[in-house]
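Listed below, chain by chain, are the residues.
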Amino acid sequence: MKEGDRVGVPWLYSACGHCEFCLAAQEPVCADAQFGGYTKNGGFADFIVADPNYVAHIPAHLVAKNAAPLICAGITSYKGIKQTQARPGEWIVISGGLIRFNRQRCAFPSVAS
Ligand SMILES: [Zn+2]
(Lines give C-alpha, C1' and ligand atoms only; values in the text may rest on other atoms or scores of the structure.)
Protein backbone atom coordinates (compact mmCIF):
# COMPACT_ATOMS: atom_id res chain seq x y z
CA MET A 1 0.00 0.00 0.00
CA LYS A 2 1.24 3.47 -0.79
CA GLU A 3 0.10 7.02 -0.29
CA GLY A 4 -2.63 7.90 -2.75
CA ASP A 5 -4.05 4.38 -3.03
CA ARG A 6 -7.83 4.32 -3.15
CA VAL A 7 -9.13 2.40 -0.16
CA GLY A 8 -12.24 1.86 1.92
CA VAL A 9 -12.15 1.86 5.71
CA PRO A 10 -14.55 -0.66 7.23
CA TRP A 11 -16.13 -0.39 10.67
CA LEU A 12 -13.45 -2.71 12.10
CA TYR A 13 -10.68 -0.16 12.30
CA SER A 14 -8.01 -2.49 13.70
CA ALA A 15 -7.34 -5.44 16.00
CA CYS A 16 -4.27 -6.87 17.72
CA GLY A 17 -3.64 -9.43 15.01
CA HIS A 18 -2.20 -12.11 17.28
CA CYS A 19 -4.82 -13.21 19.83
CA GLU A 20 -6.84 -16.41 19.44
CA PHE A 21 -9.74 -14.47 17.88
CA CYS A 22 -7.60 -12.62 15.36
CA LEU A 23 -5.83 -15.81 14.37
CA ALA A 24 -9.24 -17.43 13.82
CA ALA A 25 -10.43 -14.53 11.60
CA GLN A 26 -12.76 -13.34 14.38
CA GLU A 27 -11.16 -9.90 14.73
CA PRO A 28 -14.37 -8.07 15.73
CA VAL A 29 -14.35 -9.90 19.08
CA CYS A 30 -10.67 -9.21 19.76
CA ALA A 31 -10.27 -7.51 23.16
CA ASP A 32 -8.15 -4.82 21.47
CA ALA A 33 -10.41 -4.27 18.45
CA GLN A 34 -11.01 -0.65 17.48
CA PHE A 35 -14.03 0.57 15.53
CA GLY A 36 -14.30 3.61 13.27
CA GLY A 37 -16.80 6.15 14.52
CA TYR A 38 -16.95 4.41 17.90
CA THR A 39 -13.55 3.92 19.53
CA LYS A 40 -11.71 5.79 16.75
CA ASN A 41 -12.65 9.04 15.07
CA GLY A 42 -13.85 8.83 11.52
CA GLY A 43 -16.35 6.72 9.72
CA PHE A 44 -18.47 9.57 8.37
CA ALA A 45 -15.61 12.08 8.11
CA ASP A 46 -14.25 13.46 4.86
CA PHE A 47 -10.79 12.22 5.85
CA ILE A 48 -9.63 9.53 8.25
CA VAL A 49 -6.32 8.11 9.42
CA ALA A 50 -6.55 4.35 8.96
CA ASP A 51 -4.51 1.26 9.73
CA PRO A 52 -3.28 -0.03 6.34
CA ASN A 53 -3.70 -3.59 7.57
CA TYR A 54 -7.46 -3.08 7.85
CA VAL A 55 -8.43 -1.20 4.72
CA ALA A 56 -9.74 -2.57 1.44
CA HIS A 57 -8.35 -1.51 -1.91
CA ILE A 58 -11.03 -0.01 -4.13
CA PRO A 59 -10.44 -0.56 -7.85
CA ALA A 60 -10.30 2.67 -9.88
CA HIS A 61 -13.18 1.56 -12.13
CA LEU A 62 -15.57 1.10 -9.20
CA VAL A 63 -17.53 4.28 -8.43
CA ALA A 64 -17.66 5.28 -4.76
CA LYS A 65 -21.43 4.84 -4.38
CA ASN A 66 -21.13 1.22 -5.55
CA ALA A 67 -18.06 0.49 -3.45
CA ALA A 68 -19.41 1.93 -0.21
CA PRO A 69 -21.92 -0.84 0.58
CA LEU A 70 -19.21 -3.45 0.12
CA ILE A 71 -17.13 -1.97 2.92
CA CYS A 72 -19.70 -2.71 5.62
CA ALA A 73 -22.78 -4.69 4.64
CA GLY A 74 -20.97 -6.43 1.80
CA ILE A 75 -18.10 -7.59 3.97
CA THR A 76 -20.50 -8.69 6.69
CA SER A 77 -22.42 -10.80 4.18
CA TYR A 78 -19.23 -12.10 2.59
CA LYS A 79 -17.84 -13.17 5.97
CA GLY A 80 -21.12 -14.91 6.80
CA ILE A 81 -21.09 -16.71 3.47
CA LYS A 82 -17.51 -17.87 4.02
CA GLN A 83 -18.45 -19.18 7.47
CA THR A 84 -21.18 -21.40 5.99
CA GLN A 85 -18.67 -23.19 3.75
CA ALA A 86 -21.43 -23.33 1.14
CA ARG A 87 -20.65 -25.03 -2.14
CA PRO A 88 -21.58 -23.88 -5.65
CA GLY A 89 -25.29 -24.45 -6.31
CA GLU A 90 -26.30 -24.32 -2.64
CA TRP A 91 -28.69 -21.67 -1.35
CA ILE A 92 -27.93 -19.24 1.44
CA VAL A 93 -30.57 -17.17 3.23
CA ILE A 94 -29.42 -13.84 4.59
CA SER A 95 -31.70 -11.85 6.84
CA GLY A 96 -33.27 -9.24 4.61
CA GLY A 97 -32.35 -11.00 1.39
CA LEU A 98 -31.72 -14.22 -0.46
CA ILE A 99 -28.83 -14.99 -2.79
CA ARG A 100 -27.72 -18.00 -4.72
CA PHE A 101 -24.15 -19.12 -4.18
CA ASN A 102 -22.77 -19.11 -7.70
CA ARG A 103 -19.69 -20.74 -9.13
CA GLN A 104 -17.91 -17.42 -9.31
CA ARG A 105 -18.52 -17.08 -5.57
CA CYS A 106 -19.07 -13.43 -4.70
CA ALA A 107 -18.03 -10.35 -6.57
CA PHE A 108 -16.30 -8.51 -3.76
CA PRO A 109 -13.17 -7.26 -5.51
CA SER A 110 -11.56 -5.78 -2.40
CA VAL A 111 -11.94 -8.70 -0.04
CA ALA A 112 -9.06 -11.13 0.38
CA SER A 113 -10.03 -14.75 0.85
ZN1 LIG B 1 -6.79 -9.84 18.57
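Residues numbered from 1 in each chain as written. Predicted model: local features only at pLDDT ≥ 70, side-chain atom pairs only at ≥ 80, totals over all residues.

Caption draft 1: Quick peek at the overall build of the protein chain. Helix and strand counts for the protein chain stand at two helices and six strands. Along the protein chain, from the amino end to the carboxyl end, the secondary structure elements read β-β-α-β-β-α-β-β. For the protein chain, the proportion of its 113 residues judged to be buried stands at 12%. Considering only contacts in the protein chain between residues 6 or more positions apart, those separated by 24 or more positions represent 51%. (Helix = DSSP H or I, 4+ residues; strand = E, 2+ residues; numbered from the N terminus. Buried ≥ 20, exposed ≤ 12 C-beta atoms within 10 Å, placed from the backbone. Contact = placed C-beta atoms within 7 Å.)

Caption draft 2: Broad picture of the environment of Cys 72. Its location among the elements puts Cys 72 in helix α2 (residues 64–84). Taking the C-beta count within 10 Å as the criterion, Cys 72 has 16 such neighbours and is therefore assigned partly exposed. On a C-alpha basis, the gap between Cys 72 and Gly 8 in space is 9.5 Å, while along the polypeptide they are 64 residues apart. Beyond its immediate stretch of four places on either side in the chain, Cys 72 contacts Pro 10 and Trp 11.

Caption draft 3: Looking closely at α2. Here α2 is 21 residues long and its end C-alpha atoms lie 29 Å apart, about the 30 Å a rise of 1.5 Å per residue gives. The largest bend in α2 amounts to roughly 50 degrees and is located at Ile 71. Leu 70, Ile 71, Gly 74 and Ser 77 are the residues of α2 that are buried. Just past α2, the residue Gln 85 takes up positive phi, approximately 55 degrees. (Expected span 1.5 Å × (residues − 1). Bend = angle between axes of the 7 residues up to and from the residue.)

Caption draft 4: Structural detail: unusual backbone geometry. Positive phi is not limited to glycine here, since Ala 25 has a value of about 60 degrees. Tracing the chain through its elements places Ala 25 in the loop between α1 (20–23) and β3 (34–35).

Caption draft 5: Quick peek at the confidence of the model for the protein chain. The predicted model of the protein chain averages 78 in pLDDT, with 83% of residues at 70 or higher. pLDDT under 50 marks residues 100–113. Its contacts with residues more than four places away, or in other chains, come to 24 contacts. (pLDDT = per-residue confidence, 0-100.)

Caption draft 6: Spotlight on the environment of Pro 10. Residue placement: Pro 10 occurs in the loop between β1 (7–8) and β2 (12–14). C-beta crowding within 10 Å serves as the criterion here: with 21 such atoms nearby, Pro 10 is assigned to the buried category. Counting along the chain gives 25 residues from Pro 10 to Phe 35, while the straight-line C-alpha distance between them is 8.4 Å. When sequence neighbours within four positions are dropped, the list of residues in contact with Pro 10 reads Tyr 54, Ala 56, Ile 71, Cys 72 and Ile 75.

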